[in-house]
Amino acid sequence: MSDQSIIDYILHLGDNALVLGHRNSEWTGHGPILEQDIALSNIALDLIGQARYYYQYASRCINAADGASRPFPGHEALTEDVLAYHRDAWDFRNCLLVEQSNGHWGKTVLRQFFFSAWQFELYGALRHSRDSQLAAIAAKSLKEVTYHLRWSGEWVIRLGDGTEESHTRMEEALGDLWKYTGELFVPADYEKPLALSGVAVDLATIRPAWELKVGEVLEAAGLERKEGEWMQKGGKQGKHTEALGYLLAEMQFLQRAYPGCEW
Amino acid sequence: MSTFVQITVLMSSAIETGFQEKIDQDIRIEPRDWMPEAYRKTLIRQISQHAHSEIVGMLPEANWITRAPTLKRKATLIAKVQDEAGHGLYLYSSAETLGVSREEMIDQLHQGKAKYSSIFNYPTLTWADMGAIGWLVDGAAIMNQVPLCRASYGPYARAMVRICREESFHQRQGFEILLVLSKGNEAQRRMCQDAIDRWWWPSVMMFGPNDDASPHTAQSMRWKIKRFTNDELRQRFVDVCAGQVKLLGMHLPDPDLVWNEARQHYDFGPIDWNEFREVINGNGPCNKERLAARVKAHADGAWVREAALAHAQKNSIREKAA
Ligand SMILES: [Fe+2]
Ligand SMILES: [Fe+2]
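Residues numbered from 1 in each chain as written. Chains lettered and ligands numbered in written order. Predicted model: local features only at pLDDT ≥ 70, side-chain atom pairs only at ≥ 80, totals over all residues. Heavy atoms only, no water.

Undergrad: Now, about the coordination of the iron ion (ligand 2): what can you tell me, with residues and values included?
TA: Residues and elements named next belong to chain B. The protein atoms that coordinate the iron ion (ligand 2) are E84 (OE), D138 (OD), E167 (OE) and H170 (ND1), at distances spanning 1.9 to 2.3 Å. Around the iron ion (ligand 2), the four donor atoms sit at angles spanning 84 to 151 degrees, and that spread fits a shape best called irregular. If you list the donors of the iron ion (ligand 2) from N- to C-terminus, the spacing comes out as E-x53-D-x28-E-x2-H. Between the iron ion (ligand 2) and the iron ion (ligand 1) the interatomic distance amounts to 3.5 Å, and E84 serves as a bridging ligand to the pair. In this pair, E84 sits in helix α4 (residues 71-96) while H170 sits in helix α7 (residues 154-182), placing the two residues 86 residues apart along the sequence. Considered together, E84 and H170 belong to a single accessibility category, that of buried residues. (Donors = N, O, S within 2.8 Å, 3.2 Å for Na, K, Ca; no water. Tetrahedral: all angles 85-135°; square planar, octahedral: opposite > 155°, others 65-115°. Helix = DSSP H or I, 4+ residues; strand = E, 2+ residues; numbered from the N terminus. Buried < 20%, exposed > 50% of the residue type's maximum accessible area, 1.4 Å probe, protein only.)

Now the structure itself:
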């Protein structure tokens, strides 16, 4: 297990949280109901908070590594913001699901549900990681994720069951997003040795619980998932969809336009 | 006049006198208490305008959430905009105690019949605007709102206590954004001054017309819905900001701003009331965009609200059947 693989793994966890938090925050001020605008903004805040923990940890690891092997040689002491604002898309390790555009409210809550169902199982297992920092972040975040899962699952059921229109929209969202769920369970190169040594979660062990939860909620929502559909992947290795580049261009604009400033 | 009508008039004027006595003794009016129709109407207008301002006010700042320069700033800004949504909620609820529904109020906003604070019809062009809005706009809002914590109508006063606590937090955060910029490089200092230049006069206008042009003030003060006049509050705001801007090493865009030893206040230059009226009448830089964004969010959310209702109804039928 190299230093680089643990760093990649931490970034993977952090990038998932940041990118989805950012996407959710695009809704702030534009939600369908005031109370739900607040709820989704809360989830955005939780996820950005998690991302910060991971980036702070990753930057400590990188700063401790010796100079030659350090990524981002231009930055003397790495910070959470260097990691968020000064990496290009190919350095991001998030799964493709989280970078997908918000679309309508139904697509947003379905994306959240698939992700939270995964994160819930992942953090449940990661609490027992041999890496005490990762275990602590997971333990701290699990309560938040439990709420995200309940909230998003309820919305998926509500909209799948609600009206003909909402049902059709949810089918459409399922058609858009299902193909990005497979990647959640495909370990990246950096993940495999870490899973063997008990630092990372072995994704095969959490898959059945995820399948069960997703199956229950989709059934209650009256939605049918397609079997045997082709699954897209690549995000965890830095090969993203076109959506991420635009997200980063917007998010990183100030740091890129005025480098080296305090904000 | 018939005896019956005479008695009714006498009775209602006795009730009205009792109402004013309660106000004079600083006894809070609660939703089930008798109140004059004009008092109720004035409150509904004022509280709903205030609620709409909170909601429309989310938009100019939400603009910069996706472009906030650090993760910490991003989180703080999301939390701030979320607070404003919460303020809107408390205020809609307190207006609802006066017998008007949130839907009615929102419809009035969307149809252009209800007003909201004109300040939100100005654009947010740089990151420094997040600082200037916090410092000046939330700052002016606090000046206006702190006295309302003692407003005569209970639900309104209680909502304001909670809101003011959060607004002063926003104001400090905004000032701190500017303080960091003011210590930054050339471009950042330029950003900082530019934002102050653009937000200063609209903020000064937030206190409304001069007292001699403010017809409702006297009655609102008798009812203790208002505690100070527009000009008194405006003067207080100018005095505070004129001191604070020095800490930034910046200046307010008013060549006439000068300390008046005799008055123990700052004198300041003439306000462009023409601009004020134009923005109120829909000709501000972003009036159309702000309202359109609210209407769009509401229209796009219609199917979501309908589905939530339909699901709840199906559920209760299913529960009864079970
Ligand atoms: Fe507010
Ligand atoms: Fe505020």
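After presenting the structure, the write-up continues.
Undergrad: How would you explain helix α10 (residues 242-251) of chain A if you had to name every residue and give the values?
TA: Inspection of α10(A) places A:L244, A:L247, A:L248 and A:M251 among the buried residues, and these make up the whole buried set. Down the axis of α10(A), the sector holding all buried residues measures 95 degrees, keeping them to one side. α10(A) presents A:E242 and A:Y246 as exposed residues on the side facing more than 90 degrees away from its buried surface. The inward-facing, buried residues of α10(A) contact α1 (3-25), α3 (80-85), α4 (96-99) and α11 (253-257) of chain A together with α4 of chain B. (Arc of directions from axis to C-beta. Contact = heavy atoms within 4.5 Å.)

Undergrad: Could you give an account of the coordination of the iron ion (ligand 1), naming the residues involved and the relevant values?
TA: All names here are of chain B. Summarising the metal site, the iron ion (ligand 1) is bound by the protein donors E54 (OE), E84 (OE), H87 (ND1) and E167 (OE), whose distances to it range over 1.9 to 2.2 Å. Here the iron ion (ligand 1) is ringed by four donor atoms whose angles at the metal span 86 to 142 degrees, and the overall shape comes out irregular. Spacing between the donor residues of the iron ion (ligand 1) along their common chain follows E-x29-E-x2-H-x79-E. The class of E54 is buried, set by a relative accessible area of 6%.

Undergrad: Run through the interface of chain B and chain A, naming residues and quoting values.
TA: Taken together, the contacts link 47 residues of chain B with 47 residues of chain A. In this structure, the connection of chain B to chain A is made through three salt bridges. Connecting chain B to chain A are 18 residue pairs in polar contact (both at pLDDT 80 or more). Sorting the residues of the side of chain B that touches chain A by element identifies α3 (58-62), α4, α7, α8 (186-205), α12 (287-300) and α13 (302-321) of chain B as the ones contributing at least two each. For the side of chain B that touches chain A, the element with the most residues is α4(B), which contributes 14 residues. (Salt bridge = Lys/Arg side-chain N within 4 Å of Asp/Glu carboxyl O. Polar contact = N/O pair within 3.5 Å; in protein donor to acceptor, adjacent residues only side chain to side chain.)

Undergrad: Give a description of a negative patch on the surface that names residues and reports values.
TA: Residue and element names in this part refer to chain B. A cluster of acidic side chains, namely E96, E103, E104 and D107, defines a negative patch on the protein surface. Here the negative patch gets three residues from one element, more than from any other, and that element is helix α5 (residues 102-110). Take E96: its relative accessible area is 36%, and that puts it in the partly exposed class. (Patch = residues over 30% accessible without salt bridge, like charges linked within 9 Å, V, L, I, M, F, W, Y side chains within 5 Å. Areas by Shrake-Rupley, 256 points an atom, 1.4 Å probe, with all protein chains shown as cover. Lys, Arg positive; Asp, Glu negative; His and termini not counted. Charge placed at Lys NZ, Arg CZ, Asp CG, Glu CD.)

Just geometry here; none of it tells us what the structure is for.
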